[in-house]
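# Chains, contacts and geometry: an overview
Single-letter residue listing:
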Amino acid sequence: MQSQELYNRAVKVMPGGVNSPVRAYLSVHMCPRFITRADGPYIWDEDGKRYIDYVCSWGPMILGHNHPVIRETVEQAVKDGLSFGAPTRREVEMAELMTEIVPNIEMVRMVNSGTEAVMSAIRLARGATGRDKIIKFAGCYHGHSDCLLVNAGSSALAGGHPSSAGVPVDIVKHTLTAQYNDLASVETLLRANPGQVACVIVEPVAANMGVVGPAPGFLEGLRRLCDESGALLIFDEVITGFRLALGGAQSYYGVRADLVTFGKIIGGGMPVGAYAGSRKLMEQVAPCGPVYQAGTLSGNPVAMAAGLAQLRYLQAHPEVYDAIEKSASFLAQRMKASAQKHDVDVSVNQVGSVLSPFFVPNGVDSYKTATGSDLQKYARYFAGMLDRGVALAPAQFEAMFVSAAHTQADLEATAQAVDDSFADL
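Just so it is clear, the structure is predicted and the values come from calculations on it, not from any experiment.

Quick notes on the rules
- Along each chain, residues carry numbers from 1 onward, in the same order as the chain's sequence is written.
- Predicted model: local features are reported for residues with pLDDT of at least 70 only, side-chain atom pairs are reported and counted for 80 or more only, and whole-chain, interface and lining totals are derived from all residues.
- Just so you know, side-chain values use all the structure's heavy atoms and leave hydrogens and water out.
- A simple rule labels every residue: compare its accessible area, found with a 1.4 Å probe on the protein chains alone, to the largest value its type can have, and call it buried under 20%, exposed over 50%, or partly exposed in between.
- Starting at the N terminus, helices and strands are each numbered in turn, a helix being any DSSP run of H or I of at least four residues and a strand any DSSP run of E of at least two.
- Two strands are said to pair when DSSP picks up at least two bridges between them.
- Throughout, nonpolar core names a set of buried Ala, Val, Leu, Ile, Met, Phe, Trp, Tyr and Cys residues whose side chains join them through atoms within 4.5 Å.
- By definition here, a helix of n residues has an expected span of 1.5 Å times n minus one.
- It is the directions from the helix axis to the C-beta atoms that the arc portrays.
- By the convention used here, residues are in contact when the closest approach between their heavy atoms is within 4.5 Å.
- Each reported salt bridge corresponds to a side-chain nitrogen of Lys or Arg within 4 Å of a carboxyl oxygen of Asp or Glu.
- For helices, the fitted line uses only the C-alpha atoms of the stretch in contact; every axis is such a line through C-alpha atoms, and the angle between N-to-C directions lies from 0 to 180 degrees.
- Each angle gets one of four labels, with under 35 degrees taken as roughly parallel, over 145 as roughly antiparallel, 65 to 115 as roughly perpendicular, and the rest as oblique.
- With the far helix as reference, a near helix turned anticlockwise by less than a right angle produces a left-handed crossing, and one turned clockwise produces a right-handed crossing.
- Note on residue classes: Ala, Val, Leu, Ile, Met, Phe, Trp, Tyr, Cys and Pro are nonpolar, Asp, Glu, Lys and Arg are charged, and everything else, Gly too, is polar.

### Focus on the pairing of strand β11 (residues 347-351)
Within β11, 4 of the 5 residues are buried, leaving the element largely enclosed by the surrounding structure. Pairing between β11 and strand β12 (residues 354-358): 5 bridges, direction antiparallel. Looking across to β12, one finds that Gln350 is bridged to Leu355. Linking β11 back to β12 in an antiparallel pair, the connection comprises 2 residues, with Gly352 at a positive phi of about 60 degrees.

Structure, rendered in structure tokens:
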């Protein structure tokens, strides 16, 4: 296998042979597949095997890989240069488009990743409120900045290291952890720290402990508690932004956030991020205000071109959202039917175009129930799906992403692969 050969070389020159932990396939006990190209709903590995892809570069490929509108736009933008370190028209157009289609934001600051967006939004929340403490939720992942690597999700959870070495105690002492879908846990922390909490940050749909949607009233309750306590509410929409709906989770659930963070979906999958909010809040960011944040590559012209192409396409084709939600629902229903047919304990959660199966006998609505999933069974399921040409996240605590490029034939083939893999369990 070419992937095995490359991995053997990679472990000699890169930590774990990868540049991001979840790619190492450690939790599924396999050699990672090295990918050579992608097109539509498919990816190909170094050995030439094609897979139906439900990782979608961890979400942003909502139109599928290598969409011609985006590719052609990027090809044209590259001809103008790769990076200027100076303002460009595309940055302005992107900010204008985002403020047009996302509820409750008036100004945007571009950055280079979701991690940077969240780190910057929290700094802004602290600067705007004059408070130090923040509340996050166990199992929610907000990037790898120091103050947020506490009870984290994603690969930090799957790898058995929900926190990280190298994070000073003096930093994380200001990070308070509540339980997702448990308003009482948030209220308890706010009452125990009166006037000290700068913000509550949440994935409106938790997607880094597997997909766990908000219980009825949960997001509305967070809004109320923040209003009562003077804390800001931050929606981390690195996953949900422009995927659940054109306006993101704020639009999908009808709940207002004070600050919103975005990731690579606004770059069509290229390295980019942003944080956004009201003019009053955002004008506290330098050079207007005292909250400092900067970046040479922020608003990179090629990434902006790709993002504009994707968002404009989605704005012009709102039917995409109904289509991908129906596709995800089809897969969820077929998974449930196969689980029942083969007597496999599986609970399937689906919100919009994201879904995930958990190998548990009962439903999953929290960090505690999510972490009860049988990881070894997931590893066997993952291997079975990969053998049958379906690429999933190589960890239980991630999401499946459906794109507009997945055809009914792809969905049927995936459902058959699920049925066969469940039969093997």
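### Side note on the nonpolar core
By size, the foremost hydrophobic cluster in this structure holds 75 residues, and its most contacted members are Met98, Phe137, Phe242 and Ile266. Sorting elements by how many residues they give to this core places helix α11 (residues 301-316) first, with 8 residues. Counting 33 residues, the second-largest nonpolar core is a separate cluster that includes Trp44, Ala332, Val348 and Val418.

### Some thoughts on helix α2 (residues 68-79)
In this model α2 runs 17 Å from its N-terminal to its C-terminal C-alpha over 12 residues, within 8% of the 16 Å that 1.5 Å per residue would give. Buried within α2 are the following residues: Ile70, Val74 and Ala77. Projected onto a plane normal to the axis of α2, the buried residues spread over an arc of 65 degrees and lie on a single side. Those residues of α2 hidden inside the fold are in contact with α3 (89-101) and α11. At the exit of α2 stands Gly81, carrying a positive phi of roughly 125 degrees.

### What to know about α3
For α3, built from 13 residues, the straight-helix expectation of 18 Å at 1.5 Å per residue is met to within 8% by its first-to-last C-alpha distance of 19 Å. Looking only at α3, the buried set comprises Glu91, Met94, Ala95, Leu97, Met98 and Ile101. Along the long axis of α3, the arc covered by the buried residues comes to 165 degrees, so they all point the same way. Away from its buried face, by an angle of more than 90 degrees, α3 presents the exposed residues Arg89 and Glu100. Along its buried surface, α3 packs onto β4 (107-111), β9 (259-262), β10 (273-277) and α11.

### Topic: the pattern of salt bridges
With the rule as written, the count across this model stands at 13 salt bridges. Arg191 is the salt-bridge partner of Glu187, the closest N and O atoms lying 3.0 Å from each other. Of the two residues, Glu187 and Arg191 both sit in helix α7 (residues 183-192), 4 residues apart, roughly one turn of that helix. The class for Glu187 is partly exposed, based on a relative accessible area of 25%. Where Arg279 meets Glu283, a salt bridge forms, and the shortest distance between an N and an O atom there is 4.0 Å. Looking at Arg279, the relative accessible area reads 42%, which means it is partly exposed. Within the structure, one salt-bridge network assembled from shared partners comprises Arg223, Asp227, Arg256 and Asp258.

### Here we look at the sheet that holds strand β5 (residues 133-137)
What the 7 strands build is an open sheet, ordered β4-β10-β9-β8-β7-β5-β6; its pairing is mixed. Each end of this open sheet is capped by a strand with a single partner; those strands are β4 and β6 (175-178). Neighbour-to-neighbour, the strand axes of the sheet open up by a mean angle of 20 degrees, direction not taken into account. In this sheet, β6 lies alongside β5 in parallel orientation, the contact comprising 4 bridges. Within the sheet, the bridge partner assigned to Phe137 lies in β6 and is Ala178. Here α7 sits on the sheet and contacts β5, β6 and β7 (197-202); the angle it forms with β6, its principal contact strand, is near 150 degrees.

### Quick look at the pairing of strand β3 (residues 50-53)
In the sheet, strand β2 (residues 42-45) pairs with β3 via 3 bridges, with the strands oriented antiparallel. Among the inter-strand pairings, Ile43 is bridged to a residue of β3, identified as Tyr51. The loop that links β2 with its antiparallel partner β3 comprises 4 residues; one of these, Gly48, has a positive phi angle of about 85 degrees.

### Things to note about the packing of helix α14 (residues 375-387) against helix α15 (residues 408-424)
Across the interface, α14 lies against α15 with an axial gap of 9 Å and an inter-helix angle of 135 degrees. The pairing of α14 with α15 is recorded here as oblique in orientation. Here α14 runs over α15; the crossing is right-handed. Residues Arg380, Tyr381, Gly384 and Met385 of α14 pack against Thr414, Ala417, Val418, Ser421, Phe422 and Asp424 of α15. For the contact of α14 with α15, the class distribution of residues is 5 nonpolar, 3 polar and 2 charged.

Honestly, that's just the spatial picture; any functional story needs more than this.
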